[in-house]
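Letter by letter, the chains look like this.
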Amino acid sequence: MHFRSVTEADLDRVAAVTVGDPVGSISADRYRDELAQGMYRPEWSWIAEDGDGIVGRALWWGRPDSGHPVALDCLHVDASVPDRAALATGLLKAGLEAFAAQGAPATPLYNLALPADWRDRPDVTAAVSWRTAAAHAAGLTDEVERLRLEWTPQSGTPVPAGRLVFHEGTDEEFLDAFRRIAEGSLDDETRRSLAREGAEATARGDMEFYLSCPGERSWWRLARTPGGELVGPAVPSATPYHRNVGYLGVVPEMRGRGHVDEILAWITRFHAEAGAQRVTATTDTGNTPMAAAFARAGYRTAEIRLIHSAPAR
């Protein structure tokens, strides 16, 4: 068995791999299209070869301007392989070790997209089982489940409640808001970052991430009471595919008053007024208050994201 990244000469063979499992499929058309945009790359596409045949494929993804891959999008091992988890582990380790040697500042996570009812489907749970085993064996042992939500115009555009005032803010004001919101957060990544790095570094990391997203900084707003008290940030954003909710939250002293609904409504309305036909969002399944706010705002669960990542160094 041989593990390697692919060359230009391999791309047609890589694109043609057929994934029979109910998860982890990337179509040939999507692979070729995003390859042309630099979101997939030959050096980020790894295969397992048995003789001349491809029996495994791992496709890592990044944004067009990414220096290193961000996430593993597709992990596939042919059903004829006796121990799919073992082969997948070897393939993952080979790719991750290569990225680390090339100077990747962080280990790419594994983002496994699943149907919302995946636990009730034996074919899906079986497909998840060996992939999860491989991810853990390759060092991606931290796991969180997230809802991938979406709003469309059919859900109706939220009407302003008029209880909050939204205005532009400086980077320092947003940094302060991010820092304050991190306290008591139910978001798994925020909690881990707080424990690992503290509030200041967590807030700066959030700022840097959203500044790097395809959305524009000029979209951002701060929500305040009519008396000028800070309630929280409203950060409309975007992915390479859709307009996105981005970041929102309520500072601790303002929680429990329904303000999250008004901030989310403002972000949704901002995108709707710009003509968005789909607005996406994510939240941890364990963050039940935020999930409930999305449901009240007309967002439906489109899929579940099971995210495997490496523990902090």
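Shown above is the structure to which this text applies.
Residues numbered from 1 in each chain as written. Predicted model: local features only at pLDDT ≥ 70, side-chain atom pairs only at ≥ 80, totals over all residues. Heavy atoms only, no water.

Check the secondary structure of the protein chain and you find nine helices and twelve strands. Relative to a compact globule of 313 residues, whose C-alpha radius of gyration would be 20 Å, the protein chain shows 21 Å and is just as compact. A principal-axis box enclosing the C-alpha atoms of the protein chain has dimensions of 70 × 40 × 35 Å. Residues counted as buried form 51% of the 313 residues belonging to the protein chain. Counted over contacts in the protein chain with a minimum sequence separation of 6, partners at least 24 positions apart contribute 72%. When the accessible surface of the protein chain is totalled, it reaches about 14,200 Å², and 50% of it is carbon and sulfur. (Helix = DSSP H or I, 4+ residues; strand = E, 2+ residues; numbered from the N terminus. Rg over C-alpha atoms; globule rule 2.2 N^0.38 Å. Buried < 20%, exposed > 50% of the residue type's maximum accessible area, 1.4 Å probe, protein only. Contact = heavy atoms within 4.5 Å. Areas by Shrake-Rupley, 256 points an atom, 1.4 Å probe, with all protein chains shown as cover.)

This part is about the pattern of salt bridges. On inspection of all chains with the given rule, the structure shows 34 salt bridges. Of the charged contacts, one joins arginine 204 and glutamate 200 as a salt bridge, the two residues approaching to 2.9 Å between their closest N and O atoms. Of this pair, arginine 204 and glutamate 200 both sit in helix H7 (residues 199–212), separated by four residues, roughly a single helical turn. Looking at arginine 204, the relative accessible area reads 42%, which means it is partly exposed. Residue glutamate 200 is classed as partly exposed on the basis of its relative accessible area of 33%. Several salt bridges converge on common partners, so that one network encompasses Asp142, Asp188, Glu189, Arg192, Arg196 and Glu197. (Salt bridge = Lys/Arg side-chain N within 4 Å of Asp/Glu carboxyl O.)

Right, let's get into the sheet that holds strand E10 (residues 243–248). Reading across the sheet, the twelve strands line up as E1-E2-E3-E4-E5-E12-E6-E11-E10-E9-E8-E7 and stay open at both edges, with mixed pairing between neighbours. Because the sheet does not close on itself, it has two edges, and the strands there are strand E1 (2–5) and strand E7 (165–167). Averaged over all neighbouring strand pairs, the angle between strand axes comes to 30 degrees, with direction disregarded. By the bridge criterion, five bridges tie strand E5 (residues 109–114) to strand E12 (residues 300–309) in an arrangement that is antiparallel. By the bridge assignment for E12, asparagine 111 is matched with isoleucine 307. (Pairing = 2+ DSSP bridges. Axes fitted to C-alpha atoms, helices over the stretch in contact; angles between N-to-C directions.)

Along any regular strand, the residues point their side chains to alternate faces of the sheet. Burial analysis of strand E3 (residues 53–61) places eight of its nine residues in the buried class, which makes it a mostly covered element. As paired elements, strand E2 (residues 45–50) and E3 share six bridges and run antiparallel to each other. In the sheet register, aspartate 50 faces E3, and the bridge partner there is glycine 53. In terms of strand pairing, E3 meets strand E4 (residues 71–77) through six bridges, oriented antiparallel. If you follow tryptophan 61 over to E4, its bridge partner there is alanine 71.

Scanning the model with the defined rule gives twelve aromatic pairs in all. Summarising the aromatic geometry, the rings of phenylalanine 178 and tyrosine 247 are spaced 4.4 Å apart at their centres and angled 55 degrees between planes, so their arrangement reads as tilted. Residue phenylalanine 178 is located in helix H5 (residues 171–182), and its partner tyrosine 247 is located in strand E10; the two are separated by 69 residues in the primary sequence. Overall, tyrosine 247 belongs to the buried group, its relative accessible area being 11%. Ring centres of phenylalanine 209 and tyrosine 210 lie 4.9 Å apart, and the angle between their planes is 85 degrees; this geometry places the pair in the edge-to-face category. In this structure tyrosine 210 comes out as buried when scored by relative accessible area, which is 15%. Chaining the aromatic ring pairs together yields one cluster made of Phe174, Phe178, Phe209, Tyr210, Trp220 and Tyr247. (Phe/Tyr/Trp six-rings, centres within 6.5 Å; stacked < 30°, edge-to-face > 60°.)

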